[in-house]
Structures are given as C-alpha cells and as structure tokens.
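Structural description and commentary
If you want the building blocks of each chain, they are given just below.
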Amino acid sequence: VRFETRFTYDFIKRSLPPHCARILEVGCGTGELAAQLTREGFSVVAIDTDREVIATARRGGVDARFAQWPYFRDGLFDAILFTRSLHHIHPLDAAVQGAGECLRGGGRVVVEDFAYESADKKTLRWFASASRILAAAGLLVERDEFLDQVLRKPESLPAWRKAHDYDLHTAAAIGAELGAAFDNLATENAAYYFRYLAKAMGGAERCDAVAQALANQETALIADAAIIAFGRRYIAARARSSRVITASLPTAGRVSGDSKRPRSRTR
Ligand SMILES: C[S@@+](CC[C@H](N)C(=O)[O-])C[C@H]1O[C@@H](n2cnc3c(N)ncnc32)[C@H](O)[C@@H]1O
C-alpha cells in the first residue's frame, strides 16, 4: 500500500465510530483504501463514476459499484467516507445531506479534502522549492502542466489558482455544509501538498520513503505556522445525543457539541 493511502488510512481508522461494521466509500478511485478496509474485515461498499477505476478496484477485491453520489442508496452505513472526492460532488448540500440520511445511529461521515483557496505565496514557494529538489534528482517522472509551471516560474500562485479554478468546492463551503447538516463536527488540518509530488514520482517503491519524508516536513512546517495547511479533515456525527457522540469522537480534532460551525485546530 502506497504511503499516500497509509496516511489517509491512519486518519480514517482513528475516525471510525466504535463498533463500526459497514462502510460506504464515495469516490473510491482505484480502491486502495477500500481494499485495505475490506481486508481488515469491514463490510465495504465503494462507488465511483469512473468505470475504469471501478474495474481496478474490483480486481483489488473491493465491492465497487459504478454509481453517482448523491443518487446511490443501499441501506444504512456506520461510516461514509469521502477521500478527496467531496470537492467534486454537486450539488454539495444534497451530497452532505444524503450522507446523513444513510447513516445508522451513532454513525459518522469522515471526509479528507483540501482547501485550495488557502494557498499563499510563502506556502507555494516552499512547494516549488521541494518540487525543484525532486526534479533535480530526476524523481518527477510523471509531470503535468501544473507541475511544469511551478518548476518553471519563480511565482507559482497564479499557476496554482489557474489549476484549481474550475468547479471545485472550497473548504469553507464544505465545512459550512457539514456544520449545517450535523450536530457534531470535528475539523483538523493536515499535510496534502506531498500528494502532488508522490503522484509525479509515479508510485515507484523507492519513492515511498521520499513521499513520507515530504509529508513529515510539510506537517512540521504547518505546526510551526511556516506554511498554511492545505489538507482538511472532517469527522461529522449525527448525534442522537450530542454528549454521547462528543465523548466518543477521537481526541485529535476539536469537537463541538453545540456549534454549527467547523473549527480549525491550527489556524
Ligand atoms: C481525486 S479522486 C480520489 C480518489 C480516491 N478516493 C483517492 O483518494 O485516491 C475523486 C474520485 O471521485 C470520483 N467522483 C467524482 N464525482 C463523483 C460522484 N458524484 N459520485 C461518485 N464518485 C465521484 C471520481 O471519479 C474520482 O475517482
């Protein structure tokens, strides 16, 4: 399992509700996370709108289905996961409310996503310099137009904005929608930029350690407030009694029993 998936898996694992048995993953891609959870004994259904990735996920042993959220229903789940998919899904309010409707009592919606609107000059300066080191080492074998722009230009903010300037939801919109639909919402920041470089390194095994080192560096820079965190993680619970759910949520994120607004841990 690639480092990027392990990084997500660690978050998902500590965010699942107690006695979690049945999980839905929305926008599963090639299904690495779903396969890992399936191997661990969870009953996992994974959906995606891309037939090719569904075929790959099935080959990996996942009960993957070609379906579009929020128009998919198959009973109730203990956890519904969106890993880097919610920013794509329209309409956002129906996507979030639909997840709430499909949760068992005590269930959770767990989201890993990004805040593309958060990127600033100094953060992208670090990202560009990390990218150049890997490029100089010959490790960036799968470059795309965006990464090429970052590598070419000293100023990458316009390139960043252009690359993300399409129909994606902001983290502010995602957080607000989750906050409106769930009684309890824990929000945390996380490293994310390393994923672009891990992808550009093409998934070679020797690059796994490099991806991990980058994620560690990114995490440390976020903790020092030297860069702005790009990753956002949300754990939403539809509490029958908010006190009970608040007590059982992981301690990593701040939990609010009465606020409708998402909270950030480090900003
Ligand atoms: C950026 S990829 C993330 C894939 C995987 N979760 C991961 O983290 O590697 C987003 C995925 O969401 C899927 N997707 C987008 N809109 C969707 C929708 N409305 N319903 C289900 N899947 C969707 C895309 O086809 C794509 O595979």
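Data block above holds the structure.
Residues numbered from 1 in each chain as written. Predicted model: local features only at pLDDT ≥ 70, side-chain atom pairs only at ≥ 80, totals over all residues. Heavy atoms only, no water.

1. Description of the packing of helix H4 (residues 92-101) against helix H8 (residues 171-181)
Our working rule: Axis angles are defined between N-to-C directions and span 0 to 180 degrees, where every axis is a line fitted to C-alpha atoms and, for a helix, only to the segment in contact. Note on conventions: DSSP H or I runs of at least 4 residues are helices, E runs of at least 2 residues are strands, and numbering of each starts at the N terminus. An angle below 35 degrees is read as roughly parallel, one above 145 as roughly antiparallel, one from 65 to 115 as roughly perpendicular, and any other as oblique. Take the far helix as your reference; a near helix turned counterclockwise from it by less than a right angle gives a left-handed crossing, and one turned clockwise gives a right-handed crossing. We call two residues in contact when some of their heavy atoms are within 4.5 Å. Gly is put with the polar residues, along with every residue not named as nonpolar or charged; the nonpolar set is Ala, Val, Leu, Ile, Met, Phe, Trp, Tyr, Cys and Pro, and the charged set is Asp, Glu, Lys and Arg.
Interaxial distance between H4 and H8 falls to 10 Å at its minimum, and their mutual angle equals 40°. When the axes of H4 and H8 are compared, the pair comes out oblique. For H4 against H8, the interelement crossing comes out right-handed. For the pair formed by H4 and H8, the contact residues are Leu 92, Asp 93, Val 96 and Gln 97 on the first element and Ala 173, Ile 174, Glu 177, Leu 178 and Ala 181 on the second. Classifying every residue of the contact of H4 with H8 by side-chain character gives 6 nonpolar, 1 polar and 2 charged.

2. Considering the pattern of salt bridges
Inclusion rule: Any Lys or Arg side-chain nitrogen located within 4 Å of an Asp or Glu carboxyl oxygen qualifies as a salt bridge.
Under the criterion given, the structure shown has 14 salt bridges. Among the salt bridges present, the one from Arg 14 reaches Glu 188, with a minimum N-O distance of 3.0 Å. Residue Arg 14 is located in helix H1 (residues 3-15), and its partner Glu 188 is located in strand E6 (residues 184-190); the two are separated by 174 residues in the primary sequence. One connected set of salt bridges, linked through shared partners, spans Arg 22, Asp 63, Arg 65 and Asp 74.

3. Brief notes about the nonpolar core
Note the threshold: Throughout, nonpolar core names a set of buried Ala, Val, Leu, Ile, Met, Phe, Trp, Tyr and Cys residues whose side chains join them through atoms within 4.5 Å. Each residue is assigned to one of three classes by its accessible area relative to the maximum for its type, calculated with a 1.4 Å probe on protein chains only: buried under 20%, partly exposed between the two thresholds, exposed over 50%.
Core analysis: the biggest nonpolar cluster contains 36 residues, and Phe 127, Leu 140, Trp 160, Tyr 193, Leu 197 and Met 201 have the highest contact counts within it. Going through the elements one at a time, H1, helix H5 (121-136), helix H6 (145-152), helix H7 (157-163), helix H9 (194-200) and helix H10 (207-223) are the ones with two or more residues in this core. In terms of residue count, the dominant contributor to this core is H5 (6 residues). Apart from the residues within four sequence positions on either side, Leu 197 is in contact with Phe 127, Ala 130, Ser 131, Leu 134, Leu 140, Leu 147 and Leu 214.

4. Observations concerning the sheet that holds strand E2 (residues 43-48)
Note the cut-off: Paired strands are those between which DSSP finds at least two bridges.
Spatially, the 7 strands line up as an open sheet ordered E3-E2-E1-E4-E5-E7-E6, and their pairing is mixed. Edge strands, defined here as strands with exactly one partner in the open sheet, are strand E3 (63-66) and E6. Neighbouring strand axes in the sheet, compared pairwise and without regard to direction, differ in orientation by 15° on average. Where E6 meets strand E7 (residues 231-237), 7 bridges bridge the pair, whose relative direction is antiparallel. When the sheet's bridge partners are listed, Asn 189 is paired in E7 with Arg 232. Lying on the sheet, helix H3 (residues 51-59) is in contact with E2 and E3; it crosses E3 at an angle near 165°.

5. So, the environment of Thr 219
The residue Thr 219 is located in helix H10 in this model. Residues Thr 219 and Ala 190, spaced 29 residues apart in sequence, show a C-alpha to C-alpha distance of 6.9 Å.

Worth remembering: the numbers are spatial, not functional.
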